[in-house]
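# Chain and residue survey
Residue-level listing of the chains:
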Amino acid sequence: MTTMNLLIFSVLLLSSLAVSTMALEACVKAAVGAPDHLGDCPFSQRVLLTLEEKKIPYQMHWIDLSNKPKWFLEINPGGKVPVVKFDGKWVPDSDVITQILERKYPKPSLVTPPQCASVGSKIFGSFTTFLKSKNATDGSEQALMSELTLLDKHLNAHGPYVSGEEISAVDLSLAPKLYHLDVALGHFKKWNVPRNLTHVKKYMKLLFSRESFVKTAAKKKYLIAAWAPKVNP
């Protein structure tokens, strides 16, 4: 190989490495009352968890949703988070974002088997209904318990994660929602996941102790501050 060819090859190689390691830009929710801290949005955390688990370099932009910067509304007129920039285009919606990340960065795989994809999908809705409820006899607590019991039975048969030994996309979707459940219900209703749901308890501990979760979870005080006006409007 001539000196000139070697030089060209080196430049192309360095360019390729630079592109492959270029950090993605992600806009996520800033904390309520603390715009320089990570906020409570479970959908933003889901995206950050995916980036962390796949070891994808990224740059975060914290967006104060009560005072959205002009540049953010220009790139994302809908004004919602999260949004991630792919190939010069800003893409919203955590479902779409995580699918693109899986396609563009397939290793390690976070694909959830189809039969497990909907496990736990009703927990967050049941949690928010119970959290906001002022009527102890409206059945909202029982509805949440039913969903958690179903998750417990599934984990008993297939755990420790939803699809077995390895973490997958469904776990990264559930983890932030279970964190909200744990913190908000504990604070506002003095309610905790019952001890008899041993597999759910172990699952939550397993998820919350992962390095990716520790790095991307909002501080409890910010999560509580975000829920307060919804619980006591």
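Structure first, text after, so check above.
Below, the structure is looked at part by part. This is a predicted model, so every value here is computed, not measured. (Residues numbered from 1 in each chain as written. Predicted model: local features only at pLDDT ≥ 70, side-chain atom pairs only at ≥ 80, totals over all residues. Heavy atoms only, no water.)

## Concerning the nonpolar core
Among the nonpolar cores identified, the biggest contains 39 residues, and F127, L144, L148, L178, L181 and Y203 are the most heavily contacted of them. Where this core is concerned, the elements lending two or more residues are α5 (123-132), α6 (140-158), α7 (169-188), α8 (198-208) and α10 (220-231). With 10 residues, α7 is the largest single contributor of residues to this core. Once you skip the residues sitting within four places of it in the chain, L181 turns out to touch I123, F127, L144, L148, G186, W191 and V193. Among the nonpolar cores identified, the runner-up in size contains 14 residues, and L38, L48, V84 and I97 belong to it. (Core = buried A, V, L, I, M, F, W, Y, C linked by side-chain atoms within 4.5 Å. Buried < 20%, exposed > 50% of the residue type's maximum accessible area, 1.4 Å probe, protein only. Helix = DSSP H or I, 4+ residues; strand = E, 2+ residues; numbered from the N terminus. Contact = heavy atoms within 4.5 Å.)

## Details of the pattern of salt bridges
One side chain can pair with another of opposite charge once the charged atoms of both are near each other. Counted by the stated rule, this structure contains seven salt bridges. Here D87 makes a salt bridge to K104, at a shortest N to O gap of 2.8 Å. Taken together, the residues D87 in the loop between β4 (83-86) and β5 (89-92) and K104 in helix α4 (residues 94-104) connect sequence positions 17 residues apart. The exposure class of D87 is exposed, given its relative accessible area of 70%. (Salt bridge = Lys/Arg side-chain N within 4 Å of Asp/Glu carboxyl O.)

## Details of unusual backbone geometry
In this structure, the amide linkage connecting K107 to the following residue, P108, adopts the cis form with an omega of -10°. By secondary structure assignment, the location of P108 is in the loop between α4 and α5. A cis amide bond links G159 to the next residue, P160, at an omega of 15°. Looking at the secondary structure, you find P160 in the loop between α6 and α7. A positive phi angle, close to 80°, is found at D93, a residue other than glycine. If you trace the backbone, D93 turns up in the loop between β5 and α4. Classification of D93 as partly exposed rests on a relative accessible area of 39%. With a phi angle near 55°, K190 is a residue other than glycine that sits in the positive phi range. Relative to the assigned elements, K190 resides in the loop between α7 and α8.

## Overview of the packing of aromatic side chains
Scanning all chains against the criterion turns up eight aromatic pairs. Taken together, the aromatic side chains of F43, F124, F127 and W227 make up a single cluster linked through ring pairs. Over the face of the ring belonging to F130 we find K189, whose NZ or CZ atom lies 4.9 Å from the ring centre. The ring centre of W227 lies 4.8 Å from the NZ or CZ of K230, which sits over that ring. (Phe/Tyr/Trp six-rings, centres within 6.5 Å; stacked < 30°, edge-to-face > 60°. Lys NZ or Arg CZ within 6 Å of the ring centre and 35° of its normal.)

Distances and angles like these do not, on their own, reveal function.
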